[in-house]
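Summary of structural features
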Amino acid sequence: MCGIVGYIGKREAAPLLLNGLRRLEYRGYDSAGIAVLNGALSVVKQKGSVGDLENALQESGERLSGATIGIAHTRWATHGDPSDRNAHPHLNNAGDIALIHNGIIENHAALRLELSSHGYTFNSATDTEVLVHLIDRMWKDEPSLNLEGAVRRALRHVEGAYGLCVISSREPGTLVVARKGSPLVLGLGDGEYFVASDAAPIVEHTRKVVYLGDGEMAVVTAEGYTVKTVENIETEKLITELDFELGEIEKGGFEHFMLKEIFEQPDVMHDVMRGRVRLEEGRVRLGGIEDYLDRLKQARRIVICACGTSWHAGLIGEYLIEEFARIPVEVDYASEFRYRNPIVGTDDVVIVISQSGETADTLAALRAAKEKGALVMGICNVVGSTIARETLCGMYTHAGPEVGVASTKAFTAQVIVLYMLALALSKGRTISHDEIALNLRELTRVPEKAARILELDSQIKSIAEIFKDAKNFLYLGRGYNFPVALEGALKLKEISYIHAEGYPAAEMKHGPIALIDEDMPVIFIATRDSTYTKILSNIEEVRSRKGRVIAIANDGDQEISSLAEHVIYIPQATGPIMPLLTVIPLQLLAYHIATFRGCNVDRPRNLAKSVTVE
């Protein structure tokens, strides 16, 4: 969601901060701002893009030059509209404390009333401004405090989630950061330190980082740092080495990050399987769950909790685990899980899936499941993320940084992880060694087949141009391809702003068929599996109502070419493998439709990459 960057050291802060904000643009935002400390605080903030902020900075360059400490922010509006006055950083009334904040202060209204009664005036409609005035109030109440102490006292009065960074001209050599529910990482340089909401702004300066945990604060000076809890207990932190390169968060010649990440999928598929799929042994080795594999196999039930695209991957995981391992699986929206008092106990396993490992709703589901005694396993992409730290066991997807807001390669990586998990759970229980080996051979062929599908990009682009002005789309699939229909519809909605719905094809007769007319494109995932003849019948029903049919079909299927207006042919594979292939043309179709419509595919409106608030 919002982005945080902070710097303290020996270099000029403003250019570093601005470049850091550019690295965070993928997260989604509507305004940006920067504050540096050079004797006094200087603040520039601007509605719009980081480019708009850069233009505003050029007019204020003299005020910001020379400073070696500063903070910067990209805001995604929650309280108050996108505007200059609501942009971060926020200042106290005296103008000597500046603060940036990710998250939501739930008791901001009560705090605002109390602070107003003590003479504080508010210049914005944000919940964040309450925090900077509260810190000021704590400092005035006890002048002997330093900045760290004032922040610590203020946070004891706060309810909600925060990742924050504070500087003050009263203590010019100090940067104070704190985290509860909203991620923060500290980069360790040579006589300089970086703070950010993720590692993207840091990796070009240092590979050594410390991830703050919930309820922790860091006090940073040019000489060093300390990490303590909000209760003032010092903690030892593990220094982590970043495992990705700067080039992975650059476009590499592609027009957009989303297109780059779609085309990275064959390599990502190899990376997910590397060291895990042992073809010569006919087995899967999943180091992150090896010690818990027996308990996982003995689970009474598995519950998968996720949001958005990860939820769709979870649906495929349900089919895979039930087919191979014969363990009952439920898939729950993480945002609903904790509010419906779910029946979960010590003989259940809860799997949480999140690309970022920081999704607020998914973290809440994780914690609720732990409280009920379930074994909680995580699947995420970001090393050192909160989900990785708080789950008992789990697996990284190794998809590399995903910058585009609309998830693509993370989805296919999650599905492969779930496929390997299903086979690991089946070993010695439900299917034979030879069957496992056969499925693994099929899985290792997927990257080459995915690369062949990507060669169809120009054909898919031509289809996209034909349908770019459609008002609605319907996506239909059966079995393993029903979740892919949901995911295809979500991709189109996210980046092109066209209304789209995904359904099981058989459900079309139970309502959606009323929508079909000559203006309705209907995308059928019509691969040759056990439901193929049923899908053909569904296509006939759409054709008889003049619907426009686009089919995803297997190579050599001539029967479907007489039924569909457009056919995208993909390689044949077994049913459980097919979602890894059928999703790729849907990703490309959504991408090209969105670009034809002039949409910003990497930063679609109203969306954020990592949703760290409810």
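Cut-offs applied
All chains use their own residue numbering, which begins from 1 and follows the written sequence. Where local features are concerned, this predicted model is filtered to residues with pLDDT of at least 70; where side-chain atom pairs are given and counted, the filter is 80 or more; whole-chain, interface and lining totals use all residues. Only heavy atoms go into the side-chain values, all of them from the structure, while hydrogens and water stay out. Think of it in three bands: with a 1.4 Å probe and only protein chains considered, a residue is buried below 20% of the maximum accessible area for its type, exposed above 50%, and partly exposed in between. Labels follow the DSSP assignment, with helices taken as runs of H or I lasting at least four residues and strands as runs of E lasting at least two, numbered in each case from the N terminus. Directions are taken from the helix axis to each C-beta atom, and the arc is the one they span. The contact rule is simple, with two residues in contact once any of their heavy atoms fall within 4.5 Å. The working definition used for a salt bridge is a side-chain nitrogen of Lys or Arg within 4 Å of a carboxyl oxygen of Asp or Glu. Residues grouped as a nonpolar core are buried Ala, Val, Leu, Ile, Met, Phe, Trp, Tyr and Cys residues, joined through side-chain atoms within 4.5 Å. Aromatic pairing here means that ring centres of Phe, Tyr or Trp (its six-membered ring) are within 6.5 Å. Orientation follows from the plane angle: under 30 degrees is stacked, over 60 is edge-to-face, and everything else is tilted. DSSP bridges decide pairing: two strands pair if at least two such bridges lie between them. Where helices are involved, their axes are fitted lines through C-alpha atoms of the stretch in contact, as for all axes, and angles between N-to-C directions lie from 0 to 180°.

Now for helix 17 (residues 457–467). Among the residues of helix 17, Asp-457, Ile-460, Ile-463, Ala-464 and Phe-467 are the ones counted as buried. Axial view of helix 17: buried residues confined to an arc of 120 degrees, hence all on one face.

Position of Arg-543 relative to the elements: it lies in helix 19 (residues 532–543). For Arg-543, a relative accessible area of 38% translates into the label partly exposed. C-alpha separation for the pair Arg-543 and Ala-564, spaced 21 residues apart in sequence, amounts to 8.3 Å. Excluding residues that lie within four positions of it along the chain, Arg-543 makes contacts with Val-549, Ser-562 and Leu-563.

A few words on helix 16 (residues 446–454). Within helix 16, burial applies to Val-446, Pro-447, Lys-449, Ala-450, Ile-453 and Leu-454. Each buried residue of helix 16 lies within a common arc of 160 degrees when the element is viewed along its axis, so the set occupies one face. Packing partners of the buried residues in helix 16 comprise helix 7 (257–263), helix 8 (265–273), helix 15 (433–444), helix 17, strand 26 (566–570) and helix 20 (579–596).

Our focus in this paragraph is the pattern of salt bridges. Inspection of the entire model under this criterion finds 35 salt bridges. As a salt-bridge pair, Arg-179 and Glu-358 come within 3.2 Å of each other at their nearest N and O atoms. Placement of Arg-179 in strand 8 (residues 175–180) and of Glu-358 in the loop between strand 19 (348–354) and helix 12 (360–371) is noted, with a sequence separation of 179 residues between them. The class for Glu-358 is buried, based on a relative accessible area of 7%. In this structure, Arg-528 engages Glu-559 in a salt bridge whose closest nitrogen and oxygen atoms are separated by 3.9 Å. Residue Arg-528 is located in the loop between strand 24 (521–525) and helix 19, and its partner Glu-559 is located in the loop between strand 25 (548–554) and strand 26; the two are separated by 31 residues in the primary sequence. Several salt bridges converge on common partners, so that one network encompasses Arg-179, Asp-214, Glu-358, Arg-367 and Glu-390.

With 98 residues, the main nonpolar core has Ile-302, Met-420, Leu-443, Phe-473 and Tyr-475 as its most contacted residues. Those residues in contact with Phe-473 that lie beyond four places of it in its chain are Phe-467, Leu-492, Ile-498, His-499, Ala-500, Glu-501, Met-520, Pro-521, Ile-523, Ile-550 and Ile-593. Counting residues in each nonpolar core, the second largest holds 30 residues, with Leu-24, Ala-56, Tyr-211 and Leu-242 among its members.

The geometry of an aromatic ring pair is captured by two quantities: the separation of the ring centres and the angle between the planes. Taken as a whole, this structure holds eight aromatic pairs when the rule is applied. A ring pair is formed by Phe-324 and Tyr-419, whose centres lie 5.6 Å apart and whose planes are at 65 degrees; its orientation type is edge-to-face. In this pair, Phe-324 sits in helix 10 (residues 308–324) while Tyr-419 sits in helix 14 (residues 409–426), placing the two residues 95 residues apart along the sequence. Like Phe-324, the residue Tyr-419 is buried in the burial classification.

Taken together, six strands build an open sheet; the order of strands is 5-6-7-8-12-13 and the sheet is antiparallel. Each having just a single partner strand, strand 5 (90–91) and strand 13 (224–229) make up the two edges of the open sheet. Here two bridges tie strand 5 to strand 6 (residues 97–102), and the two strands are oriented antiparallel to one another. Bridge pairing in strand 6 places His-90 opposite Leu-99. On top of the sheet, helix 5 (residues 128–141) reaches strand 5, strand 6 and strand 7 (162–168); it is set at about 135 degrees to strand 6, its chief contact.

Turning to the pairing of strand 7, a few remarks are in order. Buried residues dominate strand 7, accounting for seven of its seven residues. With burial as the criterion, each face of strand 7 is covered, one bearing Tyr-162, Leu-164, Val-166 and Ser-168 and the other bearing Gly-163, Cys-165 and Ile-167. Two strands pair when backbone bridges link them, and strand 6 and strand 7 are joined in this way by six bridges, in the antiparallel orientation. Within the sheet, the bridge partner assigned to Asn-102 lies in strand 7 and is Gly-163. Judged from the five bridges that link them, strand 7 and strand 8 form a sheet pairing that is antiparallel.

The quantities given are spatial measurements derived from coordinates; they are silent on function.
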